[in-house]
Amino acid sequence: MYLVTIDNTILHDPRIKDYQILNPVLNLEVNKTHSFNFTIYPNNPMFNSIERLKSIIEVYDDGELIFRGRPLNDTADFNKATTIQCEGELAYLNDSTMEPYSYFGNLRGLLELYIDNHNAQVDASKRFTLGTVNVVGDFVRSNIDYTNTWEELSTKTFGSGMGGYLRLRRENGVNYIDYLTDSTYISGQTIELSKNLLDYEKTVKASDIVTVLIPLGAKLKDEEGNELDERLTIESVNAGSKFIEHSNGISKYGRIVGYKVWDDINSPSLLKTR
């Protein structure tokens, strides 16, 4: 049974006639902020208690907390039926700004940098505590621009191709962020066509295929620390070649050369690994 609360007060309970919402849709995506949308009518006693960006909406499945977030947008029709769009609490990281920085070290230290920066700028209800981190290795990350913390964290970790899963869990009133090599969520449900798999589509774009890659790192600097137009390459750690070749891809599609830029990488060996 699903229950929905707002600021620790019942918003939806299928057993109570007045406390009802309609058309609830919950989206839980890997390494995303999650979303929860629903429609509410004025006869719900909590109708006027929903405060945009401030209220805390929680969704429970048989007592287990599966979503926690805040109202973001609302749309009312002629009959005052109001559709509420909520975003998951990882979106709180959009409320803080990451200043220019430079970092070299392990992933835990990098995540602490992002989370500590966020916590220093927001209210206590929007803060996080770093939990389990089991991804190993050293990382070079930097940015000369101002960005919001969620954008920086997501693009410089799982969004950079390093893999891993960001997991949010709440224990004893504390919001923990874990970064794991593998997801802890496993579904035992069988996927069956026309039963719980209603549609399927596969698209392959030839324009996305590259069989020879030129990896490019950060811009090089002169002796005085001024940026040059030239970028870091892998020649020094790749037998004098700027290219990484995919032999099976070349056999199948031919030589298709492309490039990718990692602005935050200043090590040739790390650039080649990436």
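Residues numbered from 1 in each chain as written. Predicted model: local features only at pLDDT ≥ 70, side-chain atom pairs only at ≥ 80, totals over all residues. Heavy atoms only, no water.

J.: In this structure, what is going on with the packing of aromatic side chains? I would like to understand it.
T.: Geometry of an aromatic ring pair is reported as the spacing of the ring centres plus the angle between the planes. For the coordinates displayed, the defined rule picks out 5 aromatic pairs. Ring centres of Phe36 and Phe38 lie 5.3 Å apart, and the angle between their planes is 35 degrees; on these two criteria the pair is classed as tilted. In this structure, Phe36 and Phe38 share a single accessibility class: buried. Sitting above the plane of the Tyr176 ring, Arg169 keeps its charged end 4.6 Å from the centroid. Seen from the ring of Trp262, Lys260 lies directly overhead, with NZ or CZ sitting 5.4 Å from the centre. (Phe/Tyr/Trp six-rings, centres within 6.5 Å; stacked < 30°, edge-to-face > 60°. Buried < 20%, exposed > 50% of the residue type's maximum accessible area, 1.4 Å probe, protein only. Lys NZ or Arg CZ within 6 Å of the ring centre and 35° of its normal.)

J.: How should I be thinking about a nonpolar patch on the surface in this particular structure?
T.: Taken together, the side chains of Val210, Tyr253 and Ile256 present a nonpolar region at the surface, about 250 Å² in accessible area. Assignment of secondary structure puts Tyr253 in helix α3 (residues 247-253). The class of Tyr253 is partly exposed, set by a relative accessible area of 43%. (Patch = residues over 30% accessible without salt bridge, like charges linked within 9 Å, V, L, I, M, F, W, Y side chains within 5 Å. Areas by Shrake-Rupley, 256 points an atom, 1.4 Å probe, with all protein chains shown as cover. Salt bridge = Lys/Arg side-chain N within 4 Å of Asp/Glu carboxyl O. Helix = DSSP H or I, 4+ residues; strand = E, 2+ residues; numbered from the N terminus.)

J.: Can you walk me through the side chain of Arg68 in this structure?
T.: Within the secondary structure layout, Arg68 lies in strand β6 (residues 64-76). On the basis of relative accessibility, which here comes to 10%, the residue Arg68 falls in the buried class. A distance of 2.9 Å separates a polar atom in the side chain of Arg68 from a polar atom in the side chain of Glu58. A polar contact is formed between the side chain of Arg68 and the side chain of Glu89, at a distance of 2.9 Å. (Polar contact = N/O pair within 3.5 Å; in protein donor to acceptor, adjacent residues only side chain to side chain.)

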